[in-house]
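Summary of structural features
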Amino acid sequence: MKILFIILALLIFCPAHSAIAAMPPLLPMEDFFRNAESAAYSISPDGTRLAFVRPWEHRMNVYVREISTGDEKRITSATERDIAGFFWKGSDKIVYVQDFGGDENFHVYITDIKGSYVKDLTPFEKVRAGVLDDLEDDPKHMLIEMNNRNPEVFDVYRCDIETGELKQVAENPGNIIGWLTDHDGKLRAAIQTDGVNASFLYRTTESEDFRNLITTNFKETFEPVLFAYDNKLMYVVSNLSQDKTAFYTFDPEANKTLDLVFVHDEVDAGSILHSKKRKLITGVTFTTDKRNYKFFDSDREDLQKTIDSFFPNYEAVVVDMDDDERRVIVRTYSDRTRGTYYLFDRKDNSMSKLADLSTWLKEEQMAPMKPLTFKSRDGLTIHGYLTLPLGVASKDLPLVVIPHGGPSARDTWGFDSVAQFLANRGIAVLQVNFRGSTGYGKAFWQAGFKQWGRKMQDDVTDGVLWTVEQGIADRTRLAIFGGSYGGYAALAGATFTPDLYACAVSYVGPSNIFTLLETIPPYWEPFREMEYEEIGDPVKDKELLTEISPLFHADKIKIPLFVAQGANDPRVNKAESDQIVEAVRKAGKDVIYMVKENEGHGFHNEENRFDFFRQMEEFFKKHLGSR
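Residues numbered from 1 in each chain as written. Predicted model: local features only at pLDDT ≥ 70, side-chain atom pairs only at ≥ 80, totals over all residues. Heavy atoms only, no water.

Taken as a whole, this structure holds 42 salt bridges when the rule is applied. Residue D92 is joined to K93 by a salt bridge in which the shortest nitrogen-to-oxygen separation is 3.6 Å. Note that K244 is salt-bridged to D243, the shortest N-O span being 2.7 Å. By relative accessible area, K244 is classed as buried at 14%. A residue is classified by how much of its surface remains accessible, and D243, at 26% relative accessible area, is partly exposed. Several salt bridges share partner residues, and in doing so they unite R278, D297, D299, E325 and R346 into one network. (Salt bridge = Lys/Arg side-chain N within 4 Å of Asp/Glu carboxyl O. Buried < 20%, exposed > 50% of the residue type's maximum accessible area, 1.4 Å probe, protein only.)

And the structure:
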């Protein structure tokens, strides 16, 4: 089974004459971006212990707590970087991953629940590793994938967790981009690519060669998700001959799609819920404005109803269970609170609180996040979210639009630290799921192909203008801020709509599409042709990429600009920020440039987040007149 690391419509506005609630106090910037008190709770398979992360020396480290006594112990001692993710290996060991200065070359470590030793299971330089299957029924081994042999592709190894011995069980021929095991930990399926076409490979036993079952263009989806518990049938996600992805059962031996499991008219299918104990699929998730469920199992549906009855005003998500499915970890959250972890005991129907993520943030002082829709200039329906500051009329406000990263991703409803921070400063925050975002079907996603800086940017612009037309935003106090692709969008906004924004903030954002594509990480190489299809080919689409690269139009930037970059970023090389800063300064314009030498694609160390948002606060205060 694939291991997922535990990681860390129309609005109703208050008219100006309506009674306005008191404005909340100006809260310290640090309160929005501090590490959580504790987070990422997970229960041991035998249901006797909890593992979680908590700050120690300003870094998130793993702790283990005995449920019966409450005794707890820190078992990791990270001081340079947070523990990036962890999971239980049996009920007496913890596996965790950590990179170095943000380089994303993750190593896999193991320790026991006493923290009496730490073993690096992948002690290789400039190698990225991860756990493919924890082999939960094999106490001595795991399946690890890493690019040690070839930096461009990931081979699979059986790892002896006691000795650290690694035995290769599958060599990547150079075109495999994903592996899948069955419930016995056997490597039975894979996805390969020729650059633009994806093939679903399958074998009945590990002694056989893989055979190709189906090949599709990358613009369409047909992918294995999970083996059924008989290890014969499979569950696949597909949007062949339809717009939205759906779940189906699939017979790989007959190479035949069988029954429709779930499809939604408006959005793509999300994830599959299943029970190891009872060996069945219990439901699926999907996201419209908020997270939703469709249950196929009365036991799992009853569990959700019971949990929801404890928290009628919050979203409540099951994040983990013990093997007996008696003890359940629940996390609650909303748009106004990061939330709380609870331990639910199904036997005695008791709900006990484990921890609040951020006790220092008071729910009543946070601003609601409201879903919205608007029409783009070419008639496309665009979804998004608007967060309005409390205590002031929703009229003529300073506004910051935050395009998401990816861009093949989407914003969702829930607590957003940046949105809440800005709202507390009296700023309205707009988040737009522009064309090219995922979750709304393949037509909407493909509508973003080769539209960086063009129609994708127009959608962001149209959202901003919509808030102005509604009277919410002050036309003279608009800003754009984003990270990764959102950082590109911020630069594009400053470059291609120079009269719209008062200022812009680019956070690890690319400025030159040519050099962005030249410097992708080696393990992204199999996706290069797909990137050319989605963004543009440096040779065939040279004119397009020149047109949409802010670097070549830096002389048009006339608004104040703030650029932030991690020196070790493997995705958006530091040169992307260096280039635009140099060009803007050469054009005689001032730009603030922040570089963190111990960071990569985003600032993960707490003190670096503080520096960045402290500077951004001053920047917006000066140029937007924010609180």
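Right, let's get into unusual backbone geometry. That bond from G406 to P407 is cis: its omega, 0°, falls within 30 degrees of zero. As for its position among the elements, P407 is in the loop between β31 (397–401) and α3 (417–424). Positive phi values are uncommon outside glycine, yet K126 reaches one of about 55°. Its location among the elements puts K126 in the loop between β9 (118–120) and β10 (129–133). Here N231, not a glycine, exhibits a phi torsion of approximately 60°, which is positive. Residue classification places N231 among the buried residues on the basis of a relative accessible area of 11%. (Helix = DSSP H or I, 4+ residues; strand = E, 2+ residues; numbered from the N terminus.)

Take N313: it is sitting in the loop between α2 (298–310) and β25 (315–321). In this structure, the C-alpha to C-alpha distance between N313 and V581, residues 268 residues apart in sequence, is 46 Å.

Using the criterion set out here, one finds 39 aromatic pairs in the structure. For the ring pair F32 and F33, a centre distance of 6.5 Å and an interplane angle of 50° mean the geometry is tilted. Given a relative accessible area of 0%, F32 falls into the buried group. With a relative accessible area of 5%, F33 lands in the buried category. When the ring of Y333 is compared with that of W413, the centres are 6.4 Å apart and the planes differ by 45°; the resulting orientation is tilted. In this pair, Y333 is assigned in strand β26 (residues 327–334) and W413 in the loop between β31 and α3, connecting sequence segments 80 residues apart. Like Y333, the residue W413 is buried in the burial classification. Site record: aromatic cluster; members linked through ring pairs are F32, F33, F421, F481, Y507, F562, F603, F612, F613, F619 and F620. In this arrangement the basic side chain of K290 is found over the ring face of W413, its NZ or CZ atom lying 4.1 Å from the centre. (Phe/Tyr/Trp six-rings, centres within 6.5 Å; stacked < 30°, edge-to-face > 60°. Lys NZ or Arg CZ within 6 Å of the ring centre and 35° of its normal.)

With respect to the helices, strands and loops of the structure, V330 is situated in strand β26. A relative accessible area of 0% means that V330 is categorised as buried. Along the primary structure V330 and V318 are separated by 12 residues, whereas in three dimensions their C-alpha atoms are 4.7 Å apart. If we ignore the near neighbours within four places in the chain, the residues touching V330 are I307, F311, A316, V317, V319, T340, Y341, Y342 and F344. (Contact = heavy atoms within 4.5 Å.)

Attention now moves to the pairing of strand β8 (residues 107–112). Among the six residues that make up β8, six are buried, leaving the element largely enclosed by the rest of the structure. Side chains of β8 alternate between two faces, with H107, Y109 and T111 and V108, I110 and D112 buried alike. Bridging between strand β7 (residues 93–98) and β8 involves six bridges; their strand directions are antiparallel. Bridge assignment links V97 to a residue of β8, and that residue is V108. Linking β8 back to β9 in an antiparallel pair, the connection comprises five residues, with G115 at a positive phi of about 65°. (Pairing = 2+ DSSP bridges.)

If you walk across this open sheet you meet the four strands as β18-β19-β20-β21, and the pairing is antiparallel. Each edge of the sheet is formed by a strand with only one pairing partner; in this case those strands are β18 (222–227) and β21 (256–262). Here the strands of the sheet are splayed against their neighbours by 35° on average, with no regard to which way each runs. Across five bridges, the pairing between β18 and strand β19 (residues 234–238) is antiparallel. Each residue of the ladder has a partner; that of F222, found in β19, is S238. (Axes fitted to C-alpha atoms, helices over the stretch in contact; angles between N-to-C directions.)

Attention now moves to the side chain of T249. Position of T249 among the secondary structure elements: in strand β20 (residues 246–251). The exposure class of T249 is buried, given its relative accessible area of 12%. Those residues in contact with T249, other than ones at most four positions away along the chain, are M234, Y235, T257, L258, D259 and V261.

Spatially, the eight strands line up as an open sheet ordered β29-β30-β32-β31-β33-β34-β35-β36, and their pairing is mixed. Looking at strand neighbours, the two that pair on one side only are β29 (369–375) and β36 (591–596), the edges of this open sheet. In this sheet, adjacent strand axes meet at a mean angle of 20° when their direction is disregarded. The pairing of β29 with strand β30 (residues 381–387) spans seven bridges and is classified as antiparallel. Residue K375 lies in a different strand from β30, and its bridge partner there is T381. The strands touched by helix α5 (residues 455–469) are β29, β30, β31, β32 (428–433) and β33 (473–483); relative to β33, the strand with the most contacts, the crossing angle is about 145°.

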